[in-house]
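Understanding the architecture of this molecule
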Amino acid sequence: MRLTLLAVGRLRRGPEKELIDDYLSRFAKAGRGLGLPAVDLVEVEGRPSEADALSRAIPDGSALAILDERGTQMTSPDFADLLARHRDQARDLCLVIGGADGLDPAIRARADHAISFGRMVWPHMLARVMLAEQLYRAASILAGSPYHRA
Ligand SMILES: C[S@@+](CC[C@H](N)C(=O)[O-])C[C@H]1O[C@@H](n2cnc3c(N)ncnc32)[C@H](O)[C@@H]1O
């Protein structure tokens, strides 16, 4: 299984990048014993067309999960199950976060899953931090570690 986090724009040094790097490296460590791969972070430039850049960067054969406020509001254990299902079926998964204009309808139309962090719209960088944290939380849930307490 390959796990890709695809996002528009290059992340510069700063508190969001530190958090994302920290959660993704924790995820990589926790995932090792669970058969989950490290996340491959792919950043694309949105010019001239965000939709084209994203479409080209989605790995062939990957299931596509878009992050979208209109999507399904999942619990953290639901998200952990989604990852575990893809792992167990050896199916690649690509998680996509849109840029300032959101995700193009063509990308929405081909999504296998649409995941919402609530009905409010979050800034791109916060959505990235939240997704990185949820990946680590999902690995902790699958590992039965006490990080997730609900
Ligand atoms: C600044 S938002 C884009 C807002 C855009 N104006 C729109 O209306 O779709 C950037 C990206 O963050 C992600 N995002 C923002 N809020 C979200 C939410 N509540 N749930 C899931 N993803 C979200 C989405 O991938 C979105 O494309």
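For the structure, check the block above.
Presented here is an overview of the structure given in this document. (Residues numbered from 1 in each chain as written. Predicted model: local features only at pLDDT ≥ 70, side-chain atom pairs only at ≥ 80, totals over all residues. Heavy atoms only, no water.)

Spatial strand order, 2-1-4-3-5: 5 strands in an open sheet with parallel pairing. Strands at the two margins of the open sheet, each flanked by one partner only, are strand 2 (39–44) and strand 5 (113–116). Here the average twist between neighbouring strands, direction ignored, is 30 degrees. (Pairing = 2+ DSSP bridges. Helix = DSSP H or I, 4+ residues; strand = E, 2+ residues; numbered from the N terminus. Axes fitted to C-alpha atoms, helices over the stretch in contact; angles between N-to-C directions.)

This part is about the site of the ligand. Leu 67, Phe 117, Gly 118, Met 120 and Trp 122 are the nearest of the 19 residues found near the ligand. Between a nitrogen atom of the ligand and a main-chain N or O atom of Asp 68, the distance comes to 3.3 Å. With respect to the ligand, the backbone of Trp 122 contributes an N or O atom lying 2.8 Å from a nitrogen atom. Protein burial of the ligand: of its 570 Å² of free accessible surface, 84% is covered by the chains. When each cavity is represented as a set of grid points, the ligand is found to reside in the largest pocket. Mapped onto the shell around the ligand, the elements with two or more residues apiece are strand 3 (63–73), strand 5 and helix 5 (124–143). Among the elements that make up the shell around the ligand, the one with the highest residue count is strand 3 (4 residues). Split into classes, the residues belonging to the shell around the ligand amount to 9 nonpolar, 6 polar and 4 charged. (Near = heavy atom within 4 Å. Polar contact = N/O pair within 3.5 Å; in protein donor to acceptor, adjacent residues only side chain to side chain. Areas by Shrake-Rupley, 256 points an atom, 1.4 Å probe, with all protein chains shown as cover. 1 Å grid on protein atoms, 1.4 Å probe; cavity = no way out; pocket = protein on both sides within 12 Å on 5 of 7 lines; lining within 4 Å. Sits in = over half its atoms within 2 Å of the grid points. Nonpolar A, V, L, I, M, F, W, Y, C, P; charged D, E, K, R; others polar.)

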